[in-house]
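A look at the structure
What follows is each chain in one-letter form.
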Amino acid sequence: MTTTLAEMRDGLHVSVSQVKCFLRCPRQYQMRYVLGAEPEFIPASLVLGSAVHEGLAAFYRSVMATGDSPEQDVCRAAFYGTLVGFRKNKLPIKDGEDMEAQGEALLKVFYETVYQDPPNVVGVEVPFTIELPDPVTGEILEEALVGALDLVVREEEKHVVEEHKTAAKKWSKDQIKNDGQLSAYKLVARKLGLGEVGLRLRVLTKTKKPKMIVENTDRTDRDEREFLETVVGVLRAIDAHVFFPIRNGMCGGCAFQRRCGST
Amino acid sequence: MKKEIIQILKRPFAQELIKHRQGHNGKQLDYVAVQHYVDRLNEGFDHDWSFELTRREVIGDQILVEVKLTAAGLIKTGIGGTAITRGADNKTVLSLADDIKMAEADALKRACRLLGIGGELYATEQDDDAGIISSPPPSVPAQHRAAPHSLPPSPLPPRERLTSAQLKGIKDRAKAQNLDPAEVRKQIKTVYGVEMEYLTKRQASDVITGLDANKPTNGKNGQQAWAG
């Protein structure tokens, strides 16, 4: 029987998004995860990103099942299905007026680039839970790392793990090089028995003229170790109740700004 | 402590789990891998126990650690240690992480003995004449071990947040009592002000005690601390 992501999340765990949230703003982490505060709204970027993500996943699931690209409507149906789910939520979506148009444009760019040459899909939204060792003491942490790999494809002699993003602009070289999520996925893929995988970032930019940027990258042992050090550091800070606020230009888009007092 | 728990803890380890090694004065020492001590704790306390590292020191060529084992309201302290493993040049530290793990395992075993686990091994395993070294040798050949670390890690404050076993213990008990998981979560949040996953060990222990008291007795519920 396959364990679902929801079942994996039932145990004490940490995710890459949780780590990223803490690094962005420890106070926001406290509001969201520790106190379980209700957000004031859902940011449109989150809704659009999730819906586009589902559109891509639907495309690859179909490729995996049939070996061929589906019609574009398969992506659109998944996109709109997710959007409707968010709209049914009692929380308002902030700045979400043109999400449909933006989403359609992003999916079109994606579809037109990939449909002619569909990859050899091995897995879509592959759930994982792995033990995390403290890189200094070797001690296994209480929290397991839980998440899902967006896409795993087979290319020639090796597997490639793809991460899908929507972003306001193109990712910088440093972002691509230092993103901890990809370091985590390299480590995860090895534990899942996929061997030494290639890493790929597929970014759909929400620019006036949407673009899809595909970057192949890699991670070293040192990157993996640094990721573990970051996770351990974040978990220790959480244990020590270190939840200071980071006041910056992101506060306006934070769904806890009223309670945090940043308004 | 309940008689049944004491019986579980004091039950001798099966012969096939007992391994042997050579002591410093040539005599054979018996030992059992730390995992079997952990298994026995889980069996005896239904996963509801925890241990904290309260001290870690490097003294000369020795790593000394102290752990605090908490179970069923009892606290037992164990001190353990091991020698730092060095390469053929007698200088390079091969893997401090592995050495620390061995010292921690040693300390946990000693704390376990105070609860009665592995008492039958006491005479042979504990008192190796060399002093504090009593853990089994590393199973991985030294030349294949991880890269050295140049500095010993700094001592850390003991973890306060609940353990994965405690979280599971809460969820399992709620399920066994047919309590609505959402209601249990809500009640924890109301009482402690945090999500279930961020309780402290002590708070989690209180929740578990409350849930245990909630178990139906003679057809009636206990203290009704938890509703569902």
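For clarity, every value in this text was computed on a predicted model and none was experimentally measured. (Residues numbered from 1 in each chain as written. Chains lettered and ligands numbered in written order. Predicted model: local features only at pLDDT ≥ 70, side-chain atom pairs only at ≥ 80, totals over all residues. Heavy atoms only, no water.)

Quick look at helix H3 (residues 26–34) of chain A
Because an α-helix completes one turn every 3.6 residues, residues spaced three or four positions apart along the sequence face the same direction. Residues and elements named next belong to chain A. Those residues of H3 that sit buried are Pro-26, Gln-28, Tyr-29, Gln-30, Met-31 and Val-34. Where the residues of H3 are buried, they touch helix H2 (16–24), helix H9 (221–239) and helix H10 (257–260). Phi turns positive one or two residues past the end of H3, at Gly-36, with a value near 60 degrees. (Buried < 20%, exposed > 50% of the residue type's maximum accessible area, 1.4 Å probe, protein only. Helix = DSSP H or I, 4+ residues; strand = E, 2+ residues; numbered from the N terminus. Contact = heavy atoms within 4.5 Å.)

Section: unusual backbone geometry
A positive phi angle, close to 50 degrees, is found at Glu-125 of chain A, a residue other than glycine. Residue Asp-46 of chain B is not a glycine yet carries a positive backbone phi of 50 degrees. Looking at the element boundaries, Asp-46 of chain B is found in the loop between helix H2 (34–45) and strand E3 (49–59).

Section: the sheet that holds E3 of chain B
The strands that make up a sheet pair up through hydrogen bonds in the backbone, lying either parallel or antiparallel. All names here are of chain B. Across the sheet, 3 strands lie side by side as E3-E4-E5; this open sheet has antiparallel pairing. Two strands lie at the open edges of the sheet, namely E3 and strand E5 (74–83), each paired on one side alone. Going across the sheet, the axis of each strand differs from the next one's by a mean of 20 degrees, ignoring polarity. Sheet topology places E3 next to strand E4 (residues 62–71); 10 bridges connect them, and they run antiparallel. Opposite Ile-59, over in E4, you have Gln-62 as the bridge partner. This element, H2, spans E3 and E4 of the sheet and lies at about 150 degrees to E3. (Pairing = 2+ DSSP bridges. Axes fitted to C-alpha atoms, helices over the stretch in contact; angles between N-to-C directions.)

Describing the interface of chain B and chain A
Across the contact, 22 residues belong to chain B and 20 residues belong to chain A. Interface of chain B and chain A: buried area, both sides summed, is about 1800 Å²; carbon and sulfur atoms make up 51% of it. If you look at where chain B meets chain A, you find 3 salt bridges. When residues of the side of chain B that touches chain A are traced back to their parent elements, those giving at least two are helix H3 (96–114) and helix H5 (164–176) of chain B. It is H5 of chain B that provides the largest number of residues to the side of chain B that touches chain A, a total of 4 residues. The residue inventory of the side of chain B that touches chain A, partitioned by class, reads 9 nonpolar, 4 polar and 9 charged. (Buried area = accessible area lost by both parts, 1.4 Å probe. Salt bridge = Lys/Arg side-chain N within 4 Å of Asp/Glu carboxyl O. Nonpolar A, V, L, I, M, F, W, Y, C, P; charged D, E, K, R; others polar.)

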